[in-house]
Amino acid sequence: AVSPSMLRGLEHISSRTLHVPHGIMLPEVWSKPSCRLPNGPHLGYLGNLNIRYLDTGGLLRIAKEHPDVSLHLYGPWQGAFGNPAPLAASILGEFQKLPNVVLHGPIPSSSIFEELSRMDLLLIAYDTKRYPTQIINSHKVLEYLLTGRAVLASHMSDLTDLDDLIAMAPPGGGIADEIDRVLCQLDELNSPERAARRRAHARTMTYGHHVRTILDRLDQLPPHA
């Protein structure tokens, strides 16, 4: 399972469990991270904008309280996971009327690395007050870390060991409450040393690495009686 919490829920079925984290596919054409956009800071969020777990209030609050930053939202707002209903018009309208919000819509997967690399800060924004257990381990973490850019995330209990790579809100808190602190530290958080550590961690999480981990564990299992 990708989550230690998931494994704890499976222990009553079998003692043979293995934690294999989310994986990432490295870009086919590897290049240095893109130069950041001018006139920053630029904040980026990648993901479906119509999932019920999204902290839309927190994103709106950041954009409203910080007119000097640009908030870039990448992803669709027309339905999610088989639900054809679009993002509520009232929420979408609030984003659209803010001059410092850029709604990019869906982008090709081949463009994700380049687009995210141009940001100064990447956001993971989930409503952990209403959904404290559902959002504890996000796949987008690896896509973010691969760019090397600073990351501010809502609390994810399965990923607290990455606190040296990710600025994370406390349990029950939101990213809007942490944004001032992180913006003040942005230059330090985006230092070459920290960026290199983030990229190095992401590169250890390729699918090929995870397949080898699984095969090694299978080799260690005793033969069936």
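Cut-offs and rules
- Residues numbered from 1 in each chain as written.
- Predicted model: local features only at pLDDT ≥ 70, side-chain atom pairs only at ≥ 80, totals over all residues.
- Heavy atoms only, no water.
- Helix = DSSP H or I, 4+ residues; strand = E, 2+ residues; numbered from the N terminus.
- Buried < 20%, exposed > 50% of the residue type's maximum accessible area, 1.4 Å probe, protein only.
- Contact = heavy atoms within 4.5 Å.
- Areas by Shrake-Rupley, 256 points an atom, 1.4 Å probe, with all protein chains shown as cover.
- Salt bridge = Lys/Arg side-chain N within 4 Å of Asp/Glu carboxyl O.
- Expected span 1.5 Å × (residues − 1).
- Arc of directions from axis to C-beta.
- Patch = residues over 30% accessible without salt bridge, like charges linked within 9 Å, V, L, I, M, F, W, Y side chains within 5 Å.
- Core = buried A, V, L, I, M, F, W, Y, C linked by side-chain atoms within 4.5 Å.
- Pairing = 2+ DSSP bridges.

1. A word on the overall build of the protein
Point 1. Of the regular secondary structure elements, the protein holds 9 helices and 8 strands.
Point 2. Relative to its 225 residues, the protein shows a buried fraction of 49%.
Point 3. Intrachain contacts of the protein at a sequence separation of at least 6 include 75% that bridge at least 24 residues.
Point 4. Of the roughly 11,900 Å² of accessible surface on the protein, 56% is carried by carbon and sulfur atoms.

2. Let's talk about the pattern of salt bridges
Point 1. Here the structure, examined in full by the defined rule, presents 6 salt bridges.
Point 2. Two residues, Arg-130 and Asp-127, come together in a salt bridge whose shortest N-O distance is 2.8 Å.
Point 3. With a shortest N-O distance of 3.4 Å, Arg-194 and Glu-188 are connected by a salt bridge.
Point 4. Judged by its relative accessible area of 23%, Arg-194 falls in the partly exposed class.
Point 5. With a relative accessible area of 47%, Glu-188 lands in the partly exposed category.

3. Notes on helix H8 (residues 192-203)
Point 1. Here H8 spans 16 Å end to end across 12 residues, near enough to the 16 Å set by a 1.5 Å rise per residue.
Point 2. Regarding H8, the residues found buried are Ala-195, Arg-198, Arg-199, His-201 and Ala-202. Within H8, the buried residues cover an arc of 160 degrees as seen down the axis, which keeps them to one side. Exposed side chains of H8 directed beyond 90 degrees from the buried face belong to Pro-192 and Glu-193.
Point 3. On its buried face, H8 is in contact with helix H5 (140-147), strand S7 (150-153) and helix H7 (186-189).

4. Comments concerning helix H2 (residues 56-65)
Point 1. For H2, the set of buried residues is Thr-56, Gly-58, Leu-59, Leu-60, Ile-62 and Ala-63.
Point 2. Elements that come into contact with the buried residues of H2 comprise strand S1 (42-46), strand S2 (70-74), helix H3 (89-97), strand S5 (101-105), strand S6 (121-124) and helix H6 (179-184).

5. Brief notes about a nonpolar patch on the surface
Point 1. Among the surface-exposed residues, Val-211, Ile-214, Leu-215, Leu-218 and Leu-221 lie close enough to one another that they form a single nonpolar patch of about 400 Å² accessible area.
Point 2. Relative to the helices and strands, Leu-218 is located in helix H9 (residues 207-220).

6. A look at the nonpolar core
Point 1. Judged by nonpolar contacts, the single largest core of 58 residues is most densely connected at Leu-43, Leu-59, Leu-121 and Ile-166.
Point 2. The element best represented in this core is H5, accounting for 5 residues.
Point 3. Setting aside residues up to four positions removed in sequence, Leu-121 forms contacts with His-42, Leu-43, Gly-44, Ala-150, Val-151, Leu-152, Ile-179, Val-182, Leu-183 and Leu-186.

7. Things to note about the environment of Gly-44
Point 1. Relative to the helices and strands, Gly-44 resides in strand S1.
Point 2. When the C-alpha atoms of Gly-44 and Leu-123 are compared, they prove to be 6.0 Å apart, with 79 residues separating the residues in sequence.
Point 3. Those residues in contact with Gly-44 that sit more than four places away from it in its chain are His-72, Met-119, Leu-121, Leu-122, Leu-123 and Tyr-144.

8. Some details on the pairing of S1
Regular strands place their side chains on alternate faces of the sheet.
Point 1. Counting buried residues along S1, 5 of its 5 residues qualify, which places the element largely inside the surrounding structure.
Point 2. Pairing geometry for S1 and S2, over 5 bridges, is parallel. Paired with Gly-44 across the bridge in S2 is His-72.
Point 3. Taken together, the 3 bridges between S1 and S6 define a ladder with parallel strand orientation. Counterpart to Leu-43 in the pairing with S6 is Leu-121.

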